[in-house]
Amino acid sequence: MKVSVVVVTFNQQNTIRETLLSILRQNCDFPYEILVADDASSDNTPQIVRQLQQQFPGKIQLFQNKTNKGILNNYYDCMIKCRGEYICDLAGDDVWIDPDKLSLQASLLDNNNDVVLCHTNWICRNVENGKSFSPWNKQKYPFPHSATQNSLTQLILTHPPEPVVHLCTAMFRRDAFIKLYEQYKPLFRNPQYFVEDLQLVTLLSTVGKFRFIDRISLEYRIHDRSVSNSPRFDKIFDLYFGSVKLTRQLELVTKTPHRSLTKTYRRFFHFLLMQTFHASDSGRKKLLMQEATQWDFHPSLKSKIVLLISSNKRAWNLTRQLWQFLRNLSKPKR
């Protein structure tokens, strides 16, 4: 088996067919498998996958969870089942739009033993208005196309506004992943982290080069249901709080110089502090303050002002009410 494609899905009956068909349309002269990990969907997602199994015999394996495992366990339970020399993944609501993606990337890895991961360009599409746009400033990938290990690891952990790698565009070596998974299993399985891609991409960057291919292979779909677009401050806090905690552990494991990440921790701290401020959530604020003692950074002036205001419950509530009032005034009238 040359390539394994992992698709994790949950209640995506409206998109899973198109996702899987975009994989099945790949032009390949080598065998590849599709592993679908359904996390106990309550809609017709599994039935649609079974229909495609019958239509394309031997191509799709369905792993249907009886209970919901969550993204981390569902993803990595499926990953360790892969048999391919190389692994790709695709979310159950996105599509590949380059039919030569798998063949192009497999050829690159075949001919470059020092490259552990290759990835491509991609576009975003807003499912509400149907508009597509580039994720990059000036529509150009802002990082080196071929990056060495140390500089790449540090770059990933700074969390630049434009992502270094979108994992759904990537192909990487299975043997490298398995070795890292066995060595750092707690980083892959800790449910407090909430993300499955940061640890994988960061650790892969420590064992080989990455190569960027300037072809658009992925249409990444943005919708209001995603956790990162949630209007609830508590969910946003939990997602990014887990991400920064993971960043700290990855910093220590990879021995990345802490001074290169102090601005990142300062930025994360202010963002998370504002989530607790708007939600009037003293419990999550306390968690943040406890965790931030490990980050060794100096808070910004804005953060210091927010900390001062939120130290007094009355001042905190009055400021929140004023903020909400001003926000309502700025909303366009219908």
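Structure's up top.
Residues numbered from 1 in each chain as written. Predicted model: local features only at pLDDT ≥ 70, side-chain atom pairs only at ≥ 80, totals over all residues. Heavy atoms only, no water.

Undergrad: Mind showing me how you'd approach the nonpolar core here?
TA: The tendency in soluble globular proteins is for nonpolar side chains to be buried side by side. Core analysis: the largest hydrophobic core is formed by 94 residues, its most contacted members being Leu-20, Phe-177 and Leu-200. The residues contacting Leu-200, other than those within four sequence positions of it, are Tyr-75, Tyr-76, Met-79, Leu-167, Phe-172, Phe-177 and Phe-188. (Core = buried A, V, L, I, M, F, W, Y, C linked by side-chain atoms within 4.5 Å. Buried < 20%, exposed > 50% of the residue type's maximum accessible area, 1.4 Å probe, protein only. Contact = heavy atoms within 4.5 Å.)

Undergrad: Any chance you could explain empty space enclosed by the protein here in plain terms?
TA: Which parts of space are left empty comes out when a probe the size of a water molecule is rolled across the atoms. Across all of its chains, the model carries 1 cavity of 30 Å³ or more by this definition. There is about 30 Å³ of room inside the largest cavity. If you trace the largest cavity, you find it lined by His-119, Tyr-141, Pro-144, His-145, Ser-146, Ala-147, Leu-152, Val-164, Val-165 and Phe-210. (1 Å grid on protein atoms, 1.4 Å probe; cavity = no way out; pocket = protein on both sides within 12 Å on 5 of 7 lines; lining within 4 Å. Points joined across faces, edges and corners; volume = space filled by probe spheres on them.)

Undergrad: Help me understand the pattern of salt bridges, please; the structure alone is not making it clear to me.
TA: When their charged atoms lie close together, side chains carrying opposite charge are able to pair. Counted according to the given criterion, the structure contains 15 salt bridges. Taking the shortest distance from any N to any O, the salt bridge between Asp-110 and Lys-2 comes out at 2.9 Å. Of this pair, Asp-110 sits in helix α4 (residues 101–111) while Lys-2 sits in the segment before β1 (3–9), placing them 108 residues apart in sequence. We classify Asp-110 as partly exposed; its relative accessible area is 37%. Judged by relative accessible area, which is 17%, Lys-2 ranks as buried. Notably, a salt bridge pairs Glu-33 with Arg-83, separated by 2.8 Å at the nearest N-O pair. Of this pair, Glu-33 sits in strand β2 (residues 32–38) while Arg-83 sits in the loop between α3 (71–79) and β4 (86–89); the two residues are 50 residues apart in sequence, bridging distant segments of the chain. (Salt bridge = Lys/Arg side-chain N within 4 Å of Asp/Glu carboxyl O. Helix = DSSP H or I, 4+ residues; strand = E, 2+ residues; numbered from the N terminus.)

Undergrad: Is there a simple way to think about the packing of aromatic side chains in this case?
TA: The description of an aromatic ring pair uses the distance of the two centres, along with the angle that the planes make with each other. One pass over the structure, following the stated rule, counts 18 aromatic pairs. Seen in terms of ring centroids, Tyr-181 and Phe-188 are 5.6 Å apart; in terms of plane orientation they differ by 50°. Their pairing is tilted. Given the relative accessible area of 0%, Phe-188 is considered buried. Geometrically, the ring pair formed by Phe-237 and Phe-241 is stacked, given 5.0 Å between the ring centres and 25° between the ring planes. You can see Phe-237 and its partner Phe-241 sitting in helix α9 (residues 233–254), 4 residues apart, about one turn around the helix. Judged by its relative accessible area of 1%, Phe-237 falls in the buried class. With relative accessibility at 9%, the residue Phe-241 sits in the buried group. Linked through ring pairs, Trp-122, Trp-136, Tyr-141, Phe-143, Phe-212 and Tyr-220 together constitute an aromatic cluster. In this structure, Lys-59 is placed above the aromatic ring of Tyr-32, and the distance from its NZ or CZ to the ring centre is 3.7 Å. (Phe/Tyr/Trp six-rings, centres within 6.5 Å; stacked < 30°, edge-to-face > 60°. Lys NZ or Arg CZ within 6 Å of the ring centre and 35° of its normal.)

Undergrad: So what exactly am I meant to see when it comes to helix α1 (residues 16–24) here?
TA: Structural remark: α-helix, 3.6 residues per turn; residues separated by three or four positions point the same way. Among the 9 residues of α1, 7 are classified as buried, and the element is accordingly described as predominantly covered. Burial in α1 covers these residues: Ile-16, Thr-19, Leu-20, Leu-21, Ser-22, Ile-23 and Leu-24. Here the buried face of α1 lies against β1, β2, α2 (45–55), β3 (60–64) and β5 (95–96).

Undergrad: What is the right way to read unusual backbone geometry from this model?
TA: A negative phi angle is the norm for most residues apart from glycine, just as the trans form is the norm for most peptide bonds. Here the phi dihedral of Ala-40 falls at roughly 60°; this positive angle occurs in a residue that is not glycine. Secondary-structure assignment places Ala-40 in the loop between β2 and α2. A positive phi is found at Ser-280, a non-glycine position, where the angle reads about 50°. Relative to the assigned elements, Ser-280 resides in the loop between α10 (262–279) and α11 (282–292).

Undergrad: In this structure, what is going on with the packing of α1 against α2? I would like to understand it.
TA: For any two helices packed against each other, the geometry comes down to the angle between their axes and how far apart the axes lie. Packing of α1 against α2 brings their axes to within 9 Å, and their N-to-C directions diverge by 30°. By the angle between their directions, the pair α1 and α2 is classed as roughly parallel. Of the two elements, α1 crosses α2, and the hand of that crossing is right-handed. Contacts from Ile-16, Arg-17, Leu-20 and Leu-21 of α1 reach α2 at Thr-45, Ile-48, Val-49, Gln-51 and Leu-52. When grouped by side-chain class, the residues that make up the contact of α1 with α2 number 6 nonpolar, 2 polar and 1 charged. (Axes fitted to C-alpha atoms, helices over the stretch in contact; angles between N-to-C directions. Parallel < 35°, antiparallel > 145°, perpendicular 65-115°, else oblique. Left-handed = near helix turned anticlockwise from the far one by under 90°. Nonpolar A, V, L, I, M, F, W, Y, C, P; charged D, E, K, R; others polar.)

Undergrad: It is not clear to me how the side chain of Ser-22 should be interpreted in this structure. Could you clarify?
TA: Along the chain, Ser-22 turns up in helix α1. Ser-22 gets classed as buried once you look at its relative accessible area, which sits at 5%. A polar atom in the side chain of Ser-22 sits 3.1 Å from the backbone nitrogen of Trp-96. Discounting residues that sit within four places of it in the chain, Ser-22 has contacts with Leu-90, Val-95 and Trp-96. (Polar contact = N/O pair within 3.5 Å; in protein donor to acceptor, adjacent residues only side chain to side chain.)

Such coordinate-based values are descriptive only and should not be taken to indicate function.
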